[in-house]
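# Descriptive structure summary
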Amino acid sequence: MNRKVGLFFGSFNPIHIGHLIIANHMVEHSDLDEVWLVVTPHNPHKKKSSLLDNHHRLEMVYRACEPFENLKPSNIEFGLEQPNYTVNTLAHLQERFPTNEFCLIMGEDNLKSFHRWKNYEVILENHQLYVYPRIAEGTVIERFRDHAKISRVDAPIIEISATFIRRSISEGKNVTPLLPDDVWKYIEEMNFYK
């Protein structure tokens, strides 16, 4: 069966309600059948910083998606060569799931720099982009403004950052309203971000 799948990429360190609000809005208020939350692996060429191991971030995404029938966690990039580019992930997915139609979900802030992505023309030729609003500096370049393959989805503007959540946890602040319950339990249980 042909399914239209939106791909929502992120480090999800940790996944929070902002991610879920956007993903769920995309599946409920567009023609997407499912949204896959694609956990991007740690780039071996980058400094480790506060990024949790891949399997921990994937576990949190699993827990967060469980109550939502049309949101699915994905570790598809874990097996791909690093550093990886979105264009390669899309080609790999299309090969593995030939009957699915894959679309990219991105914030408007990413659309502003999309022309700098590796092989962005190839992405646009073969895939639709679903763009949600973000408060950010700069402007979207002219050729992306009314592009046939770029759809703007009037989603809520969510300004919650995983960085803010990690910092707040390390300072002993209560961030439970910002996280799905099962994700918070996992963070507590594993003593993350302290």
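Residues numbered from 1 in each chain as written. Predicted model: local features only at pLDDT ≥ 70, side-chain atom pairs only at ≥ 80, totals over all residues. Heavy atoms only, no water.

A separate point is helix H8 (residues 181–190). Within the sequence span of H8, burial applies to Val183, Trp184, Tyr186 and Ile187. Looking down the long axis of H8, one finds its buried residues gathered within 160° of arc, a one-sided arrangement. Those residues of H8 that are exposed and angled more than 90 degrees off the buried face are Asp181 and Glu189. Summarising the contacts, the buried residues of H8 are in contact with helix H2 (54–65) and helix H7 (162–170). After H8 finishes, the residue Asn191 shows a positive phi value of roughly 60°. (Buried < 20%, exposed > 50% of the residue type's maximum accessible area, 1.4 Å probe, protein only. Helix = DSSP H or I, 4+ residues; strand = E, 2+ residues; numbered from the N terminus. Arc of directions from axis to C-beta. Contact = heavy atoms within 4.5 Å.)

This brings us to the layout of surface pockets. There is about 1,300 Å³ of room inside the largest pocket. Mapped onto the lining of the largest pocket, the elements with two or more residues apiece are strand S1 (4–10), helix H1 (17–28), helix H3 (86–96), strand S4 (101–107), helix H4 (108–111) and H7. When residues of the lining of the largest pocket are assigned to their parent elements, the largest contribution, four residues, is made by S4. (1 Å grid on protein atoms, 1.4 Å probe; cavity = no way out; pocket = protein on both sides within 12 Å on 5 of 7 lines; lining within 4 Å. Points joined across faces, edges and corners; volume = space filled by probe spheres on them.)

Now for H7. Buried within H7 we find Ala162, Ile165, Arg166, Ser168 and Ile169. Within H7, the buried residues cover an arc of 165° as seen down the axis, which keeps them to one side. Buried residues along H7 sit in contact with H8.

The next point concerns the nonpolar core. Burial of nonpolar side chains together is a common tendency in soluble globular proteins. In terms of nonpolar packing, the biggest core is built from 37 residues, with Ile15, Met26, Val35, Leu37 and Ile187 touching the most fellow members. Looking at this core, the elements that each hand over two or more residues are H1, strand S2 (34–39), H2, S4, strand S5 (129–132), H7 and H8. Apart from the residues lying within four places of it in its own chain, the contact partners of Ile187 are Pro14, Met60, Ile169, Leu179, Phe192 and Tyr193. Counting residues in hydrophobic clusters, the runner-up holds 21 residues, among them Trp36, Ile76, Phe102 and Phe144. (Core = buried A, V, L, I, M, F, W, Y, C linked by side-chain atoms within 4.5 Å.)

To continue, consider the environment of Gly107. Tracing the backbone shows Gly107 in strand S4. Excluding anything up to four places from it in sequence, Gly107 contacts Val131, Tyr132 and Arg134.

Before going further, it helps to examine the environment of Phe164. On the secondary structure map, Phe164 appears in helix H7. Taking the C-alpha atoms as reference, Phe164 lies 9.6 Å from Val175; in sequence the two are eleven residues apart.

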